[in-house]
Amino acid sequence: MRWYLLEERKSYRILLIGLFVIYVFVDFLRRFVSGSQLPLLALDLNILFIYYSFFKYKKINLVLEIPAIFRLIFLAYVFLIILQVGNLSLPDITTTIAGLRSYLLPAPFLFIGYYIYQYDPNFIRKLGGVVKVLGVMSIGFGILIFFIDKSVQSEVLFSLFTPLEHSVHSFGDNDQRLTSSFFASSTRFSIFIFISYIFVWSGLKSQMKSSYFFIFFFLLYLAGNFISGNRTMIFLFLFLNITLLTFMRWQNKLYILGFFAVMAGYVLIFDYEIYGNNTNSFLIRLDYMFDNISEYFKRLEMAFPITRINIDSDIFFFGLGLGKYGAEANLSPLIDMVSADQVYKSFEYIDQYPVDDSGLVKVFLELGFLGSLFFYLFMGQIVYLSIRSAYLSYITNDYYAYAVGLFPIFWIIIFSKGHGFISDIFISSFFYFSIGILLAKVTSLKTRLKNCE
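Residues numbered from 1 in each chain as written. Predicted model: local features only at pLDDT ≥ 70, side-chain atom pairs only at ≥ 80, totals over all residues. Heavy atoms only, no water.

(A) Here's a closer look at the packing of aromatic side chains. Across all of its chains, the model carries 52 aromatic pairs by this definition. With a centroid separation of 6.2 Å and an interplanar angle of 85 degrees, the aromatic rings of Trp-201 and Tyr-399 are classed as edge-to-face. Residue Trp-201 is found in helix H8 (residues 186-206), and its partner Tyr-399 is found in helix H16 (residues 399-417); the two are separated by 198 residues along the sequence. Residue Trp-201 is classed as buried on the basis of its relative accessible area of 1%. On the basis of an interplanar angle of 75 degrees and a centroid distance of 5.2 Å, the ring pair of Tyr-344 and Tyr-349 is categorised as edge-to-face. We classify Tyr-344 as partly exposed; its relative accessible area is 33%. (Phe/Tyr/Trp six-rings, centres within 6.5 Å; stacked < 30°, edge-to-face > 60°. Helix = DSSP H or I, 4+ residues; strand = E, 2+ residues; numbered from the N terminus. Buried < 20%, exposed > 50% of the residue type's maximum accessible area, 1.4 Å probe, protein only.)

(B) Region of the structure containing the packing of helix H2 (residues 38-57) against helix H5 (residues 109-119). Closest axis-to-axis distance for the H2/H5 pair is 11 Å, and the angle between their directions is 50 degrees. Viewed along their axes, H2 and H5 adopt a mutual orientation that is oblique. Classified by chirality, the crossing of H5 by H2 is left-handed. Of H5, the residues touching H2 (which contributes Ile-47, Ile-50, Tyr-51, Phe-54 and Phe-55) are Phe-109, Phe-111, Ile-112 and Tyr-115. Along the lines of polarity and charge, the residues of the contact of H2 with H5 split into nine nonpolar, no polar and no charged. (Axes fitted to C-alpha atoms, helices over the stretch in contact; angles between N-to-C directions. Parallel < 35°, antiparallel > 145°, perpendicular 65-115°, else oblique. Left-handed = near helix turned anticlockwise from the far one by under 90°. Contact = heavy atoms within 4.5 Å. Nonpolar A, V, L, I, M, F, W, Y, C, P; charged D, E, K, R; others polar.)

(C) Geometry of the environment of Phe-235. Summarising the element assignment, Phe-235 is placed in helix H10 (residues 231-244). Taking the C-alpha atoms as reference points, Phe-235 and Phe-290, 55 residues apart in sequence, are found 8.0 Å from one another.

(D) Geometry of H10. In this model H10 runs 20 Å from its N-terminal to its C-terminal C-alpha over 14 residues, within 8% of the 20 Å that 1.5 Å per residue would give. Counted residue by residue, H10 has ten buried out of 14 residues, so it is predominantly covered. What H10 keeps buried is the set Arg-231, Met-233, Ile-234, Leu-236, Phe-237, Leu-238, Leu-240, Asn-241, Thr-243 and Leu-244. Two to three positions downstream of the cap, the backbone nitrogen of Thr-232 sits 3.2 Å from a side-chain oxygen, assigning the N-cap of H10 to Asn-230. (Expected span 1.5 Å × (residues − 1). Polar contact = N/O pair within 3.5 Å; in protein donor to acceptor, adjacent residues only side chain to side chain.)

(E) Focus on the nonpolar core. Within the largest apolar cluster, 116 residues are counted, with the highest numbers of intra-cluster contacts made by Phe-70, Tyr-103, Phe-109, Phe-192, Phe-407 and Tyr-432. Discounting residues that sit within four places of it in the chain, Phe-407 has contacts with Ile-191, Phe-194, Ile-195, Ile-198, Ile-427, Phe-430, Phe-431 and Ser-434. (Core = buried A, V, L, I, M, F, W, Y, C linked by side-chain atoms within 4.5 Å.)

(F) Geometry of the pattern of salt bridges. Throughout the structure, instances matching the rule amount to eight salt bridges. Measuring nitrogen to oxygen at the nearest pair gives 3.2 Å for the salt bridge that ties Lys-441 to Asp-398. You can see Lys-441 sitting in helix H17 (residues 425-452) and its partner Asp-398 sitting in the loop between helix H15 (359-395) and H16, a full 43 residues away along the chain. Assigned by exposure class, Lys-441 and Asp-398 land together as buried. Sharing partners across several salt bridges, the network here consists of Asp-27, Arg-30, Arg-188 and Asp-424. (Salt bridge = Lys/Arg side-chain N within 4 Å of Asp/Glu carboxyl O.)

Here it is as structure tokens:
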């Protein structure tokens, strides 16, 4: 009987740790079975086993603990997605199932995150320790790859070290090398170490470590983002550290603010033009990693091309259906071709301002105006809860809830710029997991206030 109760309490936790481990190494395994997507099935199966293990023992009335307004909006969103299965604008069962998977498979992690924070908070610290080790390993391997001279690599080593997706990014006359560590792309690498850094920072704050630990890990993870070559993530990493400054001691704040001051000086004094007059590879890399300020405004318009929506489009109200644009559409060449053409029928084309990567474009093309309305209503509710949870976590010195609860906002930013993030089931699972934590934070404080009355 005791063994049964122990298994009831711990089985889902082992699978959850396993999910992080599998995610780190699954793309590296795929390099040995070129072209096969089967290793990725391990992630989906792991997630399904987590759900089985968790919901087998946890009563479904956990749903009733979640705030009523959020629950209503969340259920309306889920219901609308399920209804979209019947959208026959572009019928194709394979892409529809793939789309349903992207939108809804990660969603139950919301309840797992809620339960863990509310009833099993010590596990977050244990999970954080595992994620920290995986993050440091990933950065260490990435740095090793980055500094290995391509000229001395054999063909086999080159295939193991090169990202499965984009391996270089053009920059003037100089191609900038992208590093992906164990992952398929520099983007997956940088987003994972972003998640890892959230746990590292929270753990250090909880253990009251000295400022030297913060400086070391800040520089290590900054180096990881730098070698990855992902400009979006290094910008968000620095922005994350600005949001974390509120908890830091004055000494730590001065170090990090000093770093930002140097970066700001670089922007104002050199205006990103040292590349043309320099052959120093580090300065060229630095030039590449930080865009001209005007580029950020350009990318913002590309991420949210609301004013460019064509209201006369044939799919304006209901869209093409689930999985009909992006990674899922790639499963069917015909669907992919039709949806690619539909982008410029549904959105006004502006030269040098393409909208193909926008998350808003994906949601609008697949769900239409009505579906997009529900989607962004749901996302707006998450942003509100994230800000509210961050405030409550700040006044209660709850470092894990503060840092992890900020992740949904960053996910929404990343998704808005690149729609592929919704197709990365692990990242989307952590998105919902973090939503569960911020909901638990708000609920627990409400309960405490009720008990005090």
